[in-house]
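Commentary on secondary and tertiary structure
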Amino acid sequence: MKGFGSDNHSGVHPELLKAIVSANTEHAPSYGTDEYSEKAIRLFKEKFGQQTEVFFVFNGTAANVLSLRFLTERHESILCSDVSHLNLDECGAPEFFAAKLITVKSTEGKMSLADLKASLKRKGDQHYTQSRVVSLTQPTELGTCYSLEEIRAICQWAHSEGMRVHLDGARLTNALIHLNCTFKEMTTDLGVDVVSFGGTKNGLMMGEAILVLSSDLIAEAKKKLKFIRKQAAQLPSKTRFIACQFERYLSSELYLQIAQHSCSMAQKLFEGVSAVPQVKVTATRQSNAVFATIPKPWVKHLKEKYFFYVWDESNFECRLMTSWDTQPSEIDGFVNLLKQFSETT
Ligand SMILES: Cc1ncc(COP(=O)(O)O)c(C=O)c1O
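Residues numbered from 1 in each chain as written. Predicted model: local features only at pLDDT ≥ 70, side-chain atom pairs only at ≥ 80, totals over all residues.

Our next topic: the overall build of the chain. When helices and strands are counted, the chain shows 14 helices and eleven strands. Relative to a compact globule of 345 residues, whose C-alpha radius of gyration would be 20 Å, the chain shows 20 Å and is just as compact. Seen along its three principal axes, the alpha-carbon backbone of the chain occupies a region of about 65 × 55 × 35 Å. When each of the 345 residues of the chain is scored for burial, the buried share is 48%. For the chain, long-range pairs separated by at least 24 residues make up 74% of all intrachain contacts whose partners lie at least 6 apart in sequence. (Helix = DSSP H or I, 4+ residues; strand = E, 2+ residues; numbered from the N terminus. Rg over C-alpha atoms; globule rule 2.2 N^0.38 Å. Buried ≥ 20, exposed ≤ 12 C-beta atoms within 10 Å, placed from the backbone. Contact = placed C-beta atoms within 7 Å.)

Here's what the structure looks like:
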(Lines give C-alpha, C1' and ligand atoms only; values in the text may rest on other atoms or scores of the structure.)
Protein backbone atom coordinates (compact mmCIF):
# COMPACT_ATOMS: atom_id res chain seq x y z
CA MET A 1 0.00 0.00 0.00
CA LYS A 2 1.37 3.42 -0.97
CA GLY A 3 0.43 6.43 1.04
CA PHE A 4 1.66 9.59 2.68
CA GLY A 5 3.43 8.08 5.70
CA SER A 6 6.90 9.43 5.10
CA ASP A 7 9.47 9.99 2.40
CA ASN A 8 11.40 7.11 3.91
CA HIS A 9 8.50 4.75 3.27
CA SER A 10 9.29 4.96 -0.43
CA GLY A 11 11.78 2.65 -2.10
CA VAL A 12 15.03 3.53 -3.82
CA HIS A 13 14.92 5.85 -6.83
CA PRO A 14 15.65 3.68 -9.93
CA GLU A 15 18.61 5.87 -10.98
CA LEU A 16 20.17 5.48 -7.54
CA LEU A 17 19.56 1.74 -7.54
CA LYS A 18 21.28 1.62 -10.93
CA ALA A 19 24.24 3.48 -9.40
CA ILE A 20 24.51 0.80 -6.70
CA VAL A 21 24.38 -1.95 -9.30
CA SER A 22 27.05 -0.23 -11.41
CA ALA A 23 29.31 0.08 -8.36
CA ASN A 24 28.85 -3.62 -7.67
CA THR A 25 31.72 -4.76 -9.87
CA GLU A 26 35.17 -6.03 -9.01
CA HIS A 27 36.78 -5.00 -5.74
CA ALA A 28 37.27 -1.51 -4.33
CA PRO A 29 39.28 -0.27 -1.37
CA SER A 30 37.18 0.03 1.80
CA TYR A 31 36.43 2.70 4.44
CA GLY A 32 36.07 5.60 2.00
CA THR A 33 39.31 5.23 0.08
CA ASP A 34 37.54 4.20 -3.14
CA GLU A 35 37.00 6.20 -6.33
CA TYR A 36 33.23 6.62 -5.73
CA SER A 37 33.92 8.37 -2.45
CA GLU A 38 36.50 10.59 -4.13
CA LYS A 39 34.01 11.59 -6.85
CA ALA A 40 31.16 12.20 -4.39
CA ILE A 41 33.42 14.32 -2.17
CA ARG A 42 34.45 16.35 -5.22
CA LEU A 43 30.77 17.03 -5.94
CA PHE A 44 30.01 18.04 -2.36
CA LYS A 45 32.94 20.48 -2.57
CA GLU A 46 31.55 21.89 -5.83
CA LYS A 47 28.15 22.44 -4.24
CA PHE A 48 29.17 23.69 -0.78
CA GLY A 49 32.65 25.17 -1.36
CA GLN A 50 36.10 23.70 -1.92
CA GLN A 51 36.98 23.82 1.80
CA THR A 52 34.18 21.32 2.69
CA GLU A 53 35.15 18.16 4.59
CA VAL A 54 32.82 15.21 4.05
CA PHE A 55 32.14 12.24 6.35
CA PHE A 56 29.72 9.56 5.15
CA VAL A 57 27.56 7.81 7.74
CA PHE A 58 24.68 5.34 7.66
CA ASN A 59 21.78 7.40 8.98
CA GLY A 60 20.44 10.80 9.91
CA THR A 61 20.59 10.30 13.65
CA ALA A 62 24.31 9.58 13.40
CA ALA A 63 24.92 12.58 11.15
CA ASN A 64 23.24 14.81 13.75
CA VAL A 65 24.72 13.27 16.84
CA LEU A 66 28.29 13.05 15.54
CA SER A 67 28.15 16.62 14.20
CA LEU A 68 27.11 17.77 17.67
CA ARG A 69 29.67 15.57 19.40
CA PHE A 70 32.31 17.20 17.23
CA LEU A 71 31.09 20.70 18.09
CA THR A 72 30.59 20.37 21.86
CA GLU A 73 32.34 19.45 25.08
CA ARG A 74 30.50 17.45 27.78
CA HIS A 75 29.71 20.54 29.89
CA GLU A 76 28.22 22.45 26.97
CA SER A 77 24.73 22.51 25.49
CA ILE A 78 22.81 22.78 22.23
CA LEU A 79 19.92 25.14 21.55
CA CYS A 80 17.30 23.45 19.36
CA SER A 81 13.58 23.76 18.72
CA ASP A 82 11.08 22.06 21.02
CA VAL A 83 9.68 20.09 18.03
CA SER A 84 13.04 19.12 16.53
CA HIS A 85 13.83 15.55 15.61
CA LEU A 86 16.89 15.95 17.84
CA ASN A 87 14.66 16.60 20.81
CA LEU A 88 11.71 14.29 20.17
CA ASP A 89 12.86 11.40 18.00
CA GLU A 90 16.46 10.50 18.71
CA CYS A 91 15.92 8.65 21.98
CA GLY A 92 18.27 10.92 23.88
CA ALA A 93 21.16 10.07 21.54
CA PRO A 94 22.31 13.72 21.29
CA GLU A 95 22.57 13.86 25.07
CA PHE A 96 24.12 10.38 25.30
CA PHE A 97 26.79 11.09 22.66
CA ALA A 98 27.15 14.86 22.64
CA ALA A 99 25.70 17.33 25.13
CA LYS A 100 22.54 18.56 26.84
CA LEU A 101 19.76 19.91 24.64
CA ILE A 102 18.07 23.15 25.61
CA THR A 103 14.75 23.45 23.84
CA VAL A 104 13.54 26.72 22.42
CA LYS A 105 9.89 27.55 21.70
CA SER A 106 9.04 27.29 18.02
CA THR A 107 6.33 28.56 15.69
CA GLU A 108 5.57 26.28 12.74
CA GLY A 109 8.82 24.47 13.60
CA LYS A 110 11.03 27.57 13.49
CA MET A 111 12.85 29.31 16.32
CA SER A 112 12.95 33.09 16.24
CA LEU A 113 16.16 34.98 16.89
CA ALA A 114 14.46 36.70 19.84
CA ASP A 115 13.59 33.34 21.46
CA LEU A 116 17.09 32.03 20.82
CA LYS A 117 18.55 35.12 22.48
CA ALA A 118 16.26 34.64 25.47
CA SER A 119 17.38 31.00 25.78
CA LEU A 120 21.06 31.81 26.00
CA LYS A 121 21.47 32.03 29.76
CA ARG A 122 24.03 32.14 32.53
CA LYS A 123 27.15 32.52 30.40
CA GLY A 124 30.21 31.81 32.52
CA ASP A 125 28.17 30.34 35.41
CA GLN A 126 29.89 27.12 36.44
CA HIS A 127 26.57 25.65 37.66
CA TYR A 128 24.93 25.82 34.23
CA THR A 129 25.78 24.15 30.90
CA GLN A 130 27.35 26.58 28.46
CA SER A 131 25.46 26.81 25.17
CA ARG A 132 27.83 26.13 22.34
CA VAL A 133 25.68 25.23 19.32
CA VAL A 134 22.45 26.34 17.71
CA SER A 135 20.91 23.48 15.75
CA LEU A 136 18.38 24.38 13.05
CA THR A 137 16.38 21.95 10.92
CA GLN A 138 15.95 22.92 7.27
CA PRO A 139 13.22 22.26 6.19
CA THR A 140 11.78 22.00 9.68
CA GLU A 141 9.87 19.04 11.07
CA LEU A 142 6.68 20.98 10.21
CA GLY A 143 7.68 21.40 6.58
CA THR A 144 8.54 25.10 6.80
CA CYS A 145 11.81 26.74 5.78
CA TYR A 146 14.00 29.34 7.45
CA SER A 147 14.59 32.17 4.98
CA LEU A 148 18.15 33.04 3.96
CA GLU A 149 17.87 36.24 6.02
CA GLU A 150 16.77 34.29 9.10
CA ILE A 151 19.67 31.84 8.76
CA ARG A 152 22.16 34.67 8.25
CA ALA A 153 20.89 36.57 11.30
CA ILE A 154 20.99 33.44 13.51
CA CYS A 155 24.53 32.60 12.33
CA GLN A 156 25.77 36.15 12.92
CA TRP A 157 24.32 36.23 16.42
CA ALA A 158 25.51 32.70 17.30
CA HIS A 159 29.05 33.48 16.17
CA SER A 160 29.06 36.77 18.06
CA GLU A 161 28.25 34.72 21.19
CA GLY A 162 31.02 32.19 20.49
CA MET A 163 28.59 29.52 19.30
CA ARG A 164 28.48 27.36 16.17
CA VAL A 165 25.53 26.63 13.90
CA HIS A 166 24.57 23.09 12.96
CA LEU A 167 21.90 22.41 10.39
CA ASP A 168 19.89 19.18 10.31
CA GLY A 169 19.37 18.83 6.56
CA ALA A 170 17.70 15.45 6.37
CA ARG A 171 15.62 16.92 3.52
CA LEU A 172 17.86 19.86 2.63
CA THR A 173 17.32 19.67 -1.13
CA ASN A 174 13.59 20.29 -0.68
CA ALA A 175 14.40 23.67 0.87
CA LEU A 176 16.25 24.66 -2.33
CA ILE A 177 12.98 24.45 -4.23
CA HIS A 178 11.17 26.82 -1.90
CA LEU A 179 14.08 29.27 -1.53
CA ASN A 180 15.22 29.05 -5.15
CA CYS A 181 18.90 29.17 -4.27
CA THR A 182 21.96 26.90 -4.26
CA PHE A 183 23.21 24.75 -1.39
CA LYS A 184 26.13 27.13 -0.89
CA GLU A 185 23.90 30.20 -0.80
CA MET A 186 21.72 28.53 1.86
CA THR A 187 24.55 27.33 4.10
CA THR A 188 28.25 28.19 3.64
CA ASP A 189 27.65 31.76 2.45
CA LEU A 190 25.44 32.50 5.48
CA GLY A 191 27.84 31.12 8.07
CA VAL A 192 26.41 27.63 8.75
CA ASP A 193 29.26 25.63 10.28
CA VAL A 194 28.20 21.99 9.93
CA VAL A 195 25.41 20.28 7.95
CA SER A 196 23.85 16.84 8.34
CA PHE A 197 23.13 16.23 4.65
CA GLY A 198 20.31 13.79 4.02
CA GLY A 199 20.13 11.09 1.40
CA THR A 200 17.71 8.49 2.70
CA LYS A 201 14.63 10.73 2.62
CA ASN A 202 15.46 11.92 -0.89
CA GLY A 203 15.53 8.66 -2.80
CA LEU A 204 18.72 6.93 -1.64
CA MET A 205 18.61 3.40 -0.22
CA MET A 206 20.45 4.81 2.79
CA GLY A 207 23.30 7.13 3.55
CA GLU A 208 23.92 10.63 4.87
CA ALA A 209 26.94 12.90 4.96
CA ILE A 210 28.32 15.20 7.62
CA LEU A 211 29.61 18.34 5.89
CA VAL A 212 31.99 20.58 7.80
CA LEU A 213 31.78 23.94 6.03
CA SER A 214 33.60 26.56 8.09
CA SER A 215 37.22 27.02 7.10
CA ASP A 216 38.27 27.54 10.72
CA LEU A 217 36.85 24.13 11.69
CA ILE A 218 38.47 22.08 8.94
CA ALA A 219 41.77 21.32 10.65
CA GLU A 220 39.95 20.16 13.80
CA ALA A 221 37.51 18.10 11.73
CA LYS A 222 40.40 16.34 9.99
CA LYS A 223 41.98 15.64 13.37
CA LYS A 224 38.87 14.52 15.25
CA LEU A 225 35.79 13.60 13.25
CA LYS A 226 36.95 10.40 11.62
CA PHE A 227 37.87 9.01 15.04
CA ILE A 228 34.55 10.07 16.55
CA ARG A 229 32.74 8.39 13.64
CA LYS A 230 34.66 5.13 13.99
CA GLN A 231 34.16 5.03 17.75
CA ALA A 232 30.43 5.46 17.21
CA ALA A 233 30.39 2.48 14.79
CA GLN A 234 29.41 4.70 11.87
CA LEU A 235 32.35 4.19 9.52
CA PRO A 236 30.89 2.23 6.61
CA SER A 237 33.28 -0.45 5.45
CA LYS A 238 31.83 -0.61 1.93
CA THR A 239 31.52 3.17 1.73
CA ARG A 240 31.40 2.97 -2.05
CA PHE A 241 27.75 1.92 -1.93
CA ILE A 242 26.78 5.10 -0.06
CA ALA A 243 29.15 7.34 -2.04
CA CYS A 244 28.03 6.05 -5.45
CA GLN A 245 24.47 7.09 -4.64
CA PHE A 246 25.54 10.60 -3.65
CA GLU A 247 27.67 10.80 -6.77
CA ARG A 248 24.66 9.99 -8.96
CA TYR A 249 22.35 12.20 -6.87
CA LEU A 250 24.58 15.29 -7.19
CA SER A 251 26.27 14.78 -10.56
CA SER A 252 23.30 15.90 -12.66
CA GLU A 253 20.01 17.60 -11.93
CA LEU A 254 18.65 14.45 -10.27
CA TYR A 255 18.68 15.96 -6.76
CA LEU A 256 16.63 18.91 -8.00
CA GLN A 257 14.28 16.73 -10.04
CA ILE A 258 13.50 14.55 -7.02
CA ALA A 259 12.94 17.53 -4.74
CA GLN A 260 10.90 19.38 -7.36
CA HIS A 261 8.66 16.36 -7.85
CA SER A 262 8.09 15.77 -4.10
CA CYS A 263 7.35 19.44 -3.50
CA SER A 264 4.99 19.84 -6.44
CA MET A 265 3.09 16.73 -5.35
CA ALA A 266 2.84 18.26 -1.87
CA GLN A 267 1.46 21.45 -3.41
CA LYS A 268 -1.19 19.42 -5.26
CA LEU A 269 -2.06 17.65 -2.02
CA PHE A 270 -2.18 20.98 -0.18
CA GLU A 271 -4.60 22.41 -2.76
CA GLY A 272 -6.74 19.26 -2.70
CA VAL A 273 -7.14 19.03 1.08
CA SER A 274 -7.60 22.81 1.43
CA ALA A 275 -10.72 22.55 -0.73
CA VAL A 276 -12.46 20.24 1.78
CA PRO A 277 -14.32 22.45 4.29
CA GLN A 278 -13.93 20.15 7.34
CA VAL A 279 -10.17 19.78 6.80
CA LYS A 280 -7.96 22.60 8.13
CA VAL A 281 -4.37 23.00 6.98
CA THR A 282 -2.28 23.83 10.05
CA ALA A 283 1.17 24.75 8.69
CA THR A 284 2.51 26.71 5.76
CA ARG A 285 3.60 24.33 3.01
CA GLN A 286 7.20 24.98 2.04
CA SER A 287 8.54 21.49 1.37
CA ASN A 288 7.13 17.98 0.90
CA ALA A 289 4.80 17.82 3.91
CA VAL A 290 1.22 18.94 4.47
CA PHE A 291 -0.14 19.21 8.01
CA ALA A 292 -3.91 19.30 8.46
CA THR A 293 -6.57 18.42 10.99
CA ILE A 294 -8.91 15.75 9.65
CA PRO A 295 -12.18 14.77 11.40
CA LYS A 296 -11.41 11.81 13.66
CA PRO A 297 -14.08 9.41 12.27
CA TRP A 298 -12.61 9.77 8.77
CA VAL A 299 -9.04 8.94 9.70
CA LYS A 300 -9.47 5.20 10.26
CA HIS A 301 -11.20 4.76 6.87
CA LEU A 302 -8.67 6.91 5.03
CA LYS A 303 -5.81 4.94 6.54
CA GLU A 304 -7.26 1.69 5.18
CA LYS A 305 -6.33 2.95 1.69
CA TYR A 306 -3.54 5.46 2.28
CA PHE A 307 -1.24 5.21 5.27
CA PHE A 308 -0.28 8.43 7.09
CA TYR A 309 0.54 9.50 10.62
CA VAL A 310 -1.65 11.29 13.11
CA TRP A 311 0.85 13.87 14.35
CA ASP A 312 -1.17 15.18 17.26
CA GLU A 313 -3.78 12.87 18.81
CA SER A 314 -5.36 15.75 20.72
CA ASN A 315 -6.78 17.46 17.62
CA PHE A 316 -6.18 14.82 14.94
CA GLU A 317 -3.61 16.91 13.18
CA CYS A 318 -2.19 14.61 10.52
CA ARG A 319 1.08 14.69 8.60
CA LEU A 320 0.84 13.86 4.90
CA MET A 321 4.19 13.46 3.25
CA THR A 322 5.05 13.05 -0.42
CA SER A 323 8.18 11.52 -1.92
CA TRP A 324 9.99 10.93 -5.20
CA ASP A 325 7.48 8.25 -6.22
CA THR A 326 4.18 9.97 -5.29
CA GLN A 327 1.76 9.85 -8.22
CA PRO A 328 -0.89 12.50 -9.01
CA SER A 329 -3.50 9.70 -9.16
CA GLU A 330 -2.77 8.82 -5.50
CA ILE A 331 -3.41 12.39 -4.46
CA ASP A 332 -6.62 12.49 -6.53
CA GLY A 333 -7.74 9.23 -4.90
CA PHE A 334 -7.06 10.55 -1.39
CA VAL A 335 -8.75 13.91 -2.01
CA ASN A 336 -11.76 12.21 -3.61
CA LEU A 337 -12.20 10.10 -0.48
CA LEU A 338 -12.07 13.26 1.66
CA LYS A 339 -14.70 14.84 -0.59
CA GLN A 340 -16.94 11.79 -0.30
CA PHE A 341 -16.71 11.91 3.53
CA SER A 342 -17.30 15.65 3.41
CA GLU A 343 -20.50 15.29 1.34
CA THR A 344 -21.94 12.50 3.47
CA THR A 345 -21.13 14.06 6.87
C1 LIG B 1 14.59 16.07 10.39
C2 LIG B 1 15.16 14.70 10.64
N3 LIG B 1 16.42 14.59 11.10
C4 LIG B 1 16.99 13.39 11.32
C5 LIG B 1 16.30 12.22 11.11
C6 LIG B 1 16.96 10.92 11.46
O7 LIG B 1 17.19 10.11 10.37
P8 LIG B 1 17.37 8.51 10.53
O9 LIG B 1 16.02 7.97 10.81
O10 LIG B 1 17.96 8.12 9.21
O11 LIG B 1 18.30 8.26 11.66
C12 LIG B 1 14.98 12.29 10.64
C13 LIG B 1 14.20 11.04 10.41
O14 LIG B 1 13.02 11.03 10.35
C15 LIG B 1 14.39 13.56 10.40
O16 LIG B 1 13.14 13.67 9.97
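Once the structure has been displayed, the description carries forward.
Here we take up the domain arrangement of the chain. If you check the domain split of the chain, you get domain 1 (14–251) and domain 2 (254–344). Summarising the inter-unit geometry, the C-alpha centres of domain 1 and domain 2 are found 28 Å apart. Contacts between the two partners involve 19 residues from domain 1 and, on the opposite side, 17 residues from domain 2. Breaking the side of domain 1 that touches domain 2 down by element, the ones donating at least two residues are α8 (172–179) and α11 (240–251). Ranked by residue count, the leading element in the side of domain 1 that touches domain 2 is α8, at six residues. By residue class, the composition of the side of domain 1 that touches domain 2 is eight nonpolar, seven polar and four charged. (Domains from an automatic or database assignment. Nonpolar A, V, L, I, M, F, W, Y, C, P; charged D, E, K, R; others polar.)

Here the focus is unusual backbone geometry. A negative phi holds for most residues other than glycine; trans holds for most peptide bonds. In this chain, Q138 is followed by P139 through a cis amide linkage whose omega measures -10 degrees. Structurally, the position occupied by P139 is in the loop between β4 (130–137) and α7 (148–160). Phi at E26 takes a positive value of approximately 50 degrees, unusual for a residue other than glycine. Mapped onto the elements of the fold, E26 is located in the loop between α1 (14–23) and α2 (35–48).

We now examine the site of the ligand. Near the ligand you find N59, G60, T61, N64, H85, T137, E141, D168, A170 and T200, and these make up its full shell. Taken together, the residues that form the shell around the ligand break down as one nonpolar, seven polar and two charged. (Near = placed C-beta within 6 Å.)

All right, on to the packing of α1 against α11 then. In contact at an axis separation of 9 Å, α1 and α11 are set at 135 degrees when each is read in the N-to-C sense. The orientation of α1 with respect to α11, classified from their angle, is oblique. Where α1 crosses over α11, the two elements pack in a sense that is right-handed. Packed against α1, whose contacting residues are E15, L16, A19, I20 and A23, the element α11 presents R240, F241, C244, Q245, E247, R248 and Y249 at the interface. (Axes fitted to C-alpha atoms, helices over the stretch in contact; angles between N-to-C directions. Parallel < 35°, antiparallel > 145°, perpendicular 65-115°, else oblique. Left-handed = near helix turned anticlockwise from the far one by under 90°.)

Taken in spatial order, the four strands make up an open sheet running β8-β9-β11-β10, and their pairing is antiparallel. Strand pairing shows two members of the sheet lacking a second neighbour, β8 (280–281) and β10 (309–312), which therefore form its edges. With three bridges joining them, β10 and strand β11 (residues 317–321) adopt antiparallel strand pairing. Across the sheet, residue D312 finds its bridge partner in β11, namely E317. Of the strands in this sheet, β8, β9 (289–293) and β11 are in contact with helix α12 (residues 254–274), which crosses β9 at around 15 degrees. (Pairing = 2+ DSSP bridges.)

In this section: the pairing of β9. A large share of β9 lies buried, amounting to four of its five residues. Relative to β9, β8 runs antiparallel, the two sharing two bridges. For K280, the partnering residue across the bridge sits in β9 and is T293. Of the strand pairs in this sheet, β9 and β11 are connected by five bridges, and their pairing is antiparallel. Of the residues in β11, the one forming a bridge with T293 is E317.

V134, A209, I210, L211 and V290 are the most contacted members of the largest nonpolar core, which has 97 residues in total. Considering each element in turn, this core owes the most residues, nine residues, to α12. Setting aside residues no more than four positions away along its own chain, V134 makes contact with L79, L116, I154, A158, M163 and V165. (Core = buried A, V, L, I, M, F, W, Y, C linked by C-beta atoms within 7 Å.)

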